Amino acid sequence: MSKKIKIGITGLPGAGKTHALRKVVEMLEVEGIRVGGMITDALKEEGKKVGFMVQDLLTKEEGVLAHLESTSEVRFLEYGVNMDMLDNIGVKAIENSIDQADVIVIDEVGKLEVESQNFVEAVKDALEADKPLLLTLHKKSRNPLLQDIRRRDDVRILEVTPINKNILPYKIIPLIKEEVAMRPLHELY
């Protein structure tokens, strides 16, 4: 198992997992820390959620992961899912962050994402990498990958709520910055 801290943010849908994660990413980048991995976010049109986007944090490449109007046979709730987008942007982002980033981010290890075996393998690789890892976890899923993550001794699980979503990043930042600061000098340059 990796020696670096692994933090899982969990909470009910809509509690603010991605909100808290985005704030942590923003704060780390301001400090000059290179953050890589993938982040997902709601895609809205006229204030209504119509799908989900996936973005590579290093390259800023993004694409539509799921959409109401998608005709994909892979379905998540009422959305059609583009699994190729998850593999081509999300999985690639995780894999690249293992080599190129100071901190790895994975948003979200959830019911939709674990349908991709490539995603599952990339998450396992990120968990074994000797780098700080910050990931959001679906709260209620009983998927084997999520259960394994929750059981790991090196993963600290924090629950986000609508009340603490703005405070939680300020608790996470010092933990990650301490880990990044502990890197040998030759890795910093």
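Below, the structure is looked at part by part. Small disclaimer: the values here were computed from a predicted structure and weren't measured.

## Quick look at the pattern of salt bridges
Next, step 1: Under the definition given, this model contains nine salt bridges.
Next, step 2: For Glu 29, the salt bridge identified is with Lys 60, shortest N-O distance 3.7 Å. Of the two residues, Glu 29 sits in helix H1 (residues 17-30) while Lys 60 sits in the loop between strand E3 (48-56) and strand E4 (62-67), which places them 31 residues apart along the sequence.
Next, step 3: What makes Lys 60 partly exposed here is its relative accessible area of 43%.
Next, step 4: Salt-bridge contacts for Lys 139 lead to Glu 159; the nearest nitrogen and oxygen are separated by 2.9 Å. Of the two residues, Lys 139 sits in the loop between strand E8 (133-138) and helix H4 (144-151) while Glu 159 sits in strand E9 (residues 155-159), which places them 20 residues apart along the sequence.
Next, step 5: It is possible to trace a salt-bridge network through shared partners that takes in Glu 128, Arg 152 and Asp 154.

## Details of the packing of aromatic side chains
Next, step 1: The final tally for this structure, using the stated rule, is one aromatic pair.
Next, step 2: Ring centres of Phe 52 and Tyr 79 lie 5.2 Å apart, and the angle between their planes is 70°; this geometry places the pair in the edge-to-face category. Of the two residues, Phe 52 sits in strand E3 while Tyr 79 sits in strand E6 (residues 79-81), which places them 27 residues apart along the sequence. There is no split in this pair, since Phe 52 and Tyr 79 are both buried.

## A look at H4
Next, step 1: All buried positions along H4 are accounted for by Leu 145, Leu 146 and Ile 149. Around the axis of H4, the buried residues are gathered within 95° of arc, so they sit on the same side. Seen from the buried face of H4, the exposed residues on the opposite side, beyond 90 degrees, are Pro 144 and Arg 151.
Next, step 2: Looking at the packing, one finds that the buried side of H4 touches strand E7 (103-109), helix H3 (117-128), E8 and E9.

## Concerning H3
The α-helix advances 3.6 residues per turn, and as a result positions three or four apart in sequence lie on the same side.
Next, step 1: For H3, spanning twelve residues, the distance from its first C-alpha to its last is 17 Å, which sits close to the expected 16 Å at 1.5 Å a residue.
Next, step 2: At the N-terminal boundary of H3, the capping side chain belongs to Ser 116, with an oxygen 3.3 Å from the backbone nitrogen of Asn 118.

## Points about the sheet that holds E6
Picture the strands of a sheet paired through backbone hydrogen bonds; they go either parallel or antiparallel.
Next, step 1: Ordered by their spatial adjacency, nine strands build an open sheet running E5-E6-E4-E3-E2-E7-E8-E1-E9, and the pairing between neighbours is mixed. Each end of this open sheet is capped by a strand with a single partner; those strands are strand E5 (75-76) and E9.
Next, step 2: With two bridges joining them, E4 and E6 adopt antiparallel strand pairing. Note on E6: the bridge partner recorded for His 67 is Gly 80.

Rules used throughout
- Residues numbered from 1 in each chain as written.
- Predicted model: local features only at pLDDT ≥ 70, side-chain atom pairs only at ≥ 80, totals over all residues.
- Heavy atoms only, no water.
- Salt bridge = Lys/Arg side-chain N within 4 Å of Asp/Glu carboxyl O.
- Helix = DSSP H or I, 4+ residues; strand = E, 2+ residues; numbered from the N terminus.
- Buried < 20%, exposed > 50% of the residue type's maximum accessible area, 1.4 Å probe, protein only.
- Phe/Tyr/Trp six-rings, centres within 6.5 Å; stacked < 30°, edge-to-face > 60°.
- Arc of directions from axis to C-beta.
- Contact = heavy atoms within 4.5 Å.
- Expected span 1.5 Å × (residues − 1).
- Polar contact = N/O pair within 3.5 Å; in protein donor to acceptor, adjacent residues only side chain to side chain.
- Pairing = 2+ DSSP bridges.

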